Amino acid sequence: MTYIVQKFGGTSVADLDRIQHVASKVREEVVKGNKVAVVVSAMAGETNKLNEWANQLGGSKLNAEYDVIVSSGEQVTSGLLALYLNKIGINARSWMAWQIPFVTDSIHTKARITEIQAAELKASLDENCVAVVPGFQGVTKNKRVTTLGRGGSDTTAVALAAALNAERCDIYTDVDGVYTTDPRIVAKARKIDAVTYEEMLEMASQGAKVLQTRSVALAMLYDVRLQVLSSFENKPGTLVLNEEEILEHETVTGIAYSPDEAKITLRRVGDKPGIAANIFGSLAKASINVDMIVQNVSEDGNATDITFTVNQTESERTSEVLHNLRNEIGFSDLIADQNVTKISVIGVGMRSQPGVATTMFKTLGEKGINIEVISTSEIKVSVLIRSEYTELAVRALHTAYGLDSS
Ligand code: ADP
Ligand code: ASP
Ligand code: MG
């Protein structure tokens, strides 16, 4: 038996016409004899609206109720699609997360999946009933509704594909695949035929929101064959594969940018052992993820500056944690700067090709763009720059690494 998971994002189910079109994509798989589970997002813009409503009534203070509200957009689209599939003669039913159950931990607004008890859903698929599952939502052991973080329907789809041991997980969206960079800001961006899990993981985590980062991590872990393709055009998309399955690698596969960064600088922190452990240990304890870090050379041997980045949404909490530590670490000022963007160049080819970072620094230098912080990994170089230079930087790098379409 061949199980297929199809996921349709917000723009693909943006209105009733598009939902009817999605039904025709589902039918294409059903008539091939496949057992089809469909994961749907909320209609485009709906989650933002629900988020706004919840916030206006103080939502983020009561995250369990916030999740009840924002997860409801997916309930509507899954009902609509199941309804219409039946109307066109395809046996289908909706499955809310609690009905499967699709179990998560209780970290509301960014819950992690702990278990999918898919036996009943699978039995229903085996009786040729298409399953329509709302993306983004989960349920805790205590039967509270959770959500998986923005963009979380991708993760629902991959997790379901892993639970069903599906042959493929097709992510239908408003672009026809993964591009060398966001096609919305670089007209010359090129579609990539195949990308490795590792590269896709870096691209997603560095800001390419075409797939939620966690969905790629899950696909890599469970060997889910992932494809990103257009729901509007009938053509092959981008395959996400193991490195061995791709014969040739460019030095740089893609460029990502993330405007969601905040740069925190602590001025004149005590220059003695244990201070960095105290700062970053305390932030970790508060579940604040720190990304890039630089510590300057101490001029007088007594004090130094430490700069690092966190997600913008964590900027205020970071300041709170550090101010509480002030007596222990003794800084003179704390500066939080949100007007920064992280630009990353990514590619597994980098492992065997020196000079990638140099090209990046030179290109940005020639455009007069100052680099504030640098970090690297085996397959990535990231820099922090002023936000107003984002488009200029991404376009210049895209050209410099020979990624422009002809
Ligand atoms: P969906 O609603 O279908 O989940 P998203 O908006 O989450 O769609 O993701 C698709 C969008 O991701 C595209 O419209 C595109 O602007 C953006 N994007 C960012 N980086 C890339 C990239 N490297 N390749 C393709 N799309 C990208
Ligand atoms: N509807 C949710 C969001 O907009 C989940 C998703 O579409 O993946 O973030
Ligand atoms: Mg998405």
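Summarised in this report is the structure supplied together with it. Just so you know, these numbers come straight off a predicted model, no measurement behind them. (Residues numbered from 1 in each chain as written. Chains lettered and ligands numbered in written order. Predicted model: local features only at pLDDT ≥ 70, side-chain atom pairs only at ≥ 80, totals over all residues. Heavy atoms only, no water.)

### Some details on the state of the cysteines
Thinking step 1. For the structure on display, the rule yields zero disulfides.
Thinking step 2. Of all cysteine sulfurs, the one in C169 lies closest to C129, which takes part in no disulfide; the gap is 19 Å. (Disulfide = S-S within 2.5 Å.)

### Examining the nonpolar core
Thinking step 1. Counting residues in hydrophobic clusters, the biggest one holds 43 residues, and the most contacted among them are V5, L121, L164, C169, M200 and L226.
Thinking step 2. Here this core takes six residues from helix 6 (residues 153–164), the largest share from any one element.
Thinking step 3. Leaving out residues up to four positions away in the same chain, C169 has contacts with V5, A157, V158, A161, V224, R225, L226 and Q227.
Thinking step 4. By size, the runner-up hydrophobic cluster in this structure holds 22 residues, among which are M360, A393, V394 and Y401. (Core = buried A, V, L, I, M, F, W, Y, C linked by side-chain atoms within 4.5 Å. Buried < 20%, exposed > 50% of the residue type's maximum accessible area, 1.4 Å probe, protein only. Helix = DSSP H or I, 4+ residues; strand = E, 2+ residues; numbered from the N terminus. Contact = heavy atoms within 4.5 Å.)

### Quick notes on the layout of surface pockets
Thinking step 1. Estimated volume of the second largest pocket: approximately 260 Å³.
Thinking step 2. Along its surface, the second largest pocket is lined by 13 residues, and I192, A194, E248, E250 and T253 are the ones closest to its centre.
Thinking step 3. For the lining of the second largest pocket, the residue count by class is four nonpolar, three polar and six charged. (1 Å grid on protein atoms, 1.4 Å probe; cavity = no way out; pocket = protein on both sides within 12 Å on 5 of 7 lines; lining within 4 Å. Points joined across faces, edges and corners; volume = space filled by probe spheres on them. Nonpolar A, V, L, I, M, F, W, Y, C, P; charged D, E, K, R; others polar.)

### Brief notes about the site of ligand 1
Thinking step 1. What surrounds ligand 1 is a group of 17 residues, the closest being T173, D174, Y179, D182 and R184.
Thinking step 2. Between an oxygen atom of ligand 1 and a side-chain N or O atom of T173, the distance comes to 2.7 Å.
Thinking step 3. Burial of ligand 1 by the protein chains amounts to 85% of its free accessible area of 580 Å². (Near = heavy atom within 4 Å. Polar contact = N/O pair within 3.5 Å; in protein donor to acceptor, adjacent residues only side chain to side chain. Areas by Shrake-Rupley, 256 points an atom, 1.4 Å probe, with all protein chains shown as cover.)

### Some thoughts on the pairing of strand 6 (residues 130–134)
Thinking step 1. Burial analysis of strand 6 places five of its five residues in the buried class, which makes it a mostly covered element.
Thinking step 2. Residue alternation in strand 6 divides its side chains into two sets, V130, V132 and P134 and A131 and V133, and both sets are buried.
Thinking step 3. As defined by bridge partners, strand 2 (residues 35–40) adjoins strand 6 across four bridges and the pair is classed as parallel. If you follow A37 over to strand 6, its bridge partner there is A131. (Pairing = 2+ DSSP bridges.)

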